[in-house]
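The residues making up each chain are set out below.
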Amino acid sequence: MTAQTLTAPAVPAPELAAEAALLVREIEQYLTARVRTTAHPLVTKTTAELIAEALGTTPAPAPAAPVLTTPARALRILPDWVLNFPLLRQLHGGGQHISVAEHLELTALVIERYGWHRGALRSTSGRRCILGAQAVLFRLGYGDETTALAAGHRLQAVLTARGISEPYHRWNDAPHRTREEALALVRTAATNAA
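Predicted model only: the values in this text are computed from it and were never measured.

Moving on, we come to the overall build of the chain. A tally of helices and strands in the chain yields 9 helices and 0 strands. Reading the secondary structure of the chain in the N-to-C direction produces α-α-α-α-α-α-α-α-α. Buried residues in the chain amount to 30% of all 194 residues. Sequence-distant contacts, at least 24 apart, represent 66% of the contacts inside the chain between residues at least 6 apart. With an accessible surface of roughly 12,300 Å², the chain has 63% of that area assigned to carbon and sulfur atoms.

In this structure the tally under the stated criterion is 4 salt bridges. Where arginine 177 meets glutamate 181, a salt bridge forms, and the shortest distance between an N and an O atom there is 3.4 Å. Between arginine 179 and glutamate 180 there is a salt bridge; the shortest N-O distance is 3.8 Å. Salt bridges here are not isolated pairs; linked through shared partners, they connect Glu105, Glu112 and Arg187.

Mapped onto the elements of the fold, leucine 131 is located in helix α6 (residues 130-140). Considering only alpha carbons, one finds leucine 131 and tyrosine 168, 37 residues apart in sequence, at a separation of 8.4 Å. Residues in contact with leucine 131, not counting those within four places in the same chain, are Leu121, Tyr168 and His169.

The next thing to look at is the nonpolar core. Counting 26 residues, the largest nonpolar core has Leu104, Ile130, Leu155 and Leu185 as the members making the most contacts within it. Among the elements of the structure, α5 (100-114), α6, α7 (145-161), α8 (168-172) and α9 (179-193) are those that each provide at least two residues to this core. Beyond its immediate chain neighbours, meaning those up to four positions away, leucine 185 contacts Ile130, Leu155, Val158, Leu159, Arg162, Tyr168 and Trp171.

The next point concerns the side chain of glutamate 102. Tracing the backbone shows glutamate 102 in helix α5. Here the side chain of glutamate 102 touches serine 99 through a polar contact of 2.8 Å, landing on its backbone nitrogen.

On to the confidence of the model for the chain, then. Mean pLDDT over the chain works out to 74, with 57% of the residues at or above the 70 mark. Confidence over residues 62-68 falls short of pLDDT 50; this stretch has 8 contacts with residues more than four positions distant or in other chains.

Each value, and the rule that gives it
Positions within a chain are numbered from 1, following the residues in the order the chain's sequence is written. Given that this is a predicted model, residues contribute local features only at a pLDDT of at least 70 and side-chain atom pairs are listed and counted only at 80 or more, while totals for whole chains, interfaces and linings are drawn from all residues. Hydrogen atoms and water are omitted, and side-chain values are computed over all heavy atoms in the structure. Here a helix means four or more residues in a row that DSSP labels H or I, a strand means two or more in a row labelled E, and each is numbered from the N terminus. For every residue, the accessible area (1.4 Å probe, protein chains only) is compared with the maximum for its type, and the residue is labelled buried under 20%, exposed over 50%, or partly exposed between those bounds. Contacts: residue pairs with any heavy atoms within 4.5 Å of one another. Shrake-Rupley sampling with a 1.4 Å probe provides the accessible areas, and residues are treated as covered by the protein chains on show and by no other component. Whenever Lys or Arg places a side-chain nitrogen within 4 Å of a carboxyl oxygen from Asp or Glu, that contact is recorded as a salt bridge. Put simply, a nonpolar core is a bunch of buried Ala, Val, Leu, Ile, Met, Phe, Trp, Tyr and Cys residues held in one set by side-chain atoms that sit within 4.5 Å of each other. What qualifies as a polar contact is a pair of N or O atoms within 3.5 Å, subject to a donor-acceptor requirement within protein and to the restriction that residues adjacent in sequence count only when both atoms come from side chains. A score between 0 and 100, pLDDT records how confident the predictor is in each residue.

Right under this line is the structure:
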């Protein structure tokens, strides 16, 4: 064998750099999309956790409070139907049970992160009204329909206590309404629900 047969063909540096960058991007996308895996999709614990539990070597952990993370700002520009995709749901809530107070706090955070809107559930740039922010959370799997409806009742109760009979989604859309008023309503309802 000669030295000539062992060398790889010369690849221009710019092409090699572009291929390397593409490979790195694909690896990063794969790693960020990975969720905790087990031997079977119905098993939620790793093999080591199952063995430790069977042997009784680990005490049962206290149920942890859900970690509340606001959906990524980049999601605001995606069409609402995309938010139902299982991968996005796994990364941003995925059927996580939350309380009504937590739902309302997250609603306020979505409005702060995405921007506030009136006149429709969302603007073309992704800003959301109160009901639109609730829809984002519901589609991503933060709580369920019962949680969202109970949160709506809490919002309506705050308005009723102020002598306002208008539904909260119409109240949000009033021409003179401000972002600060909308956030104050949501946070007051969250405090009352806690």
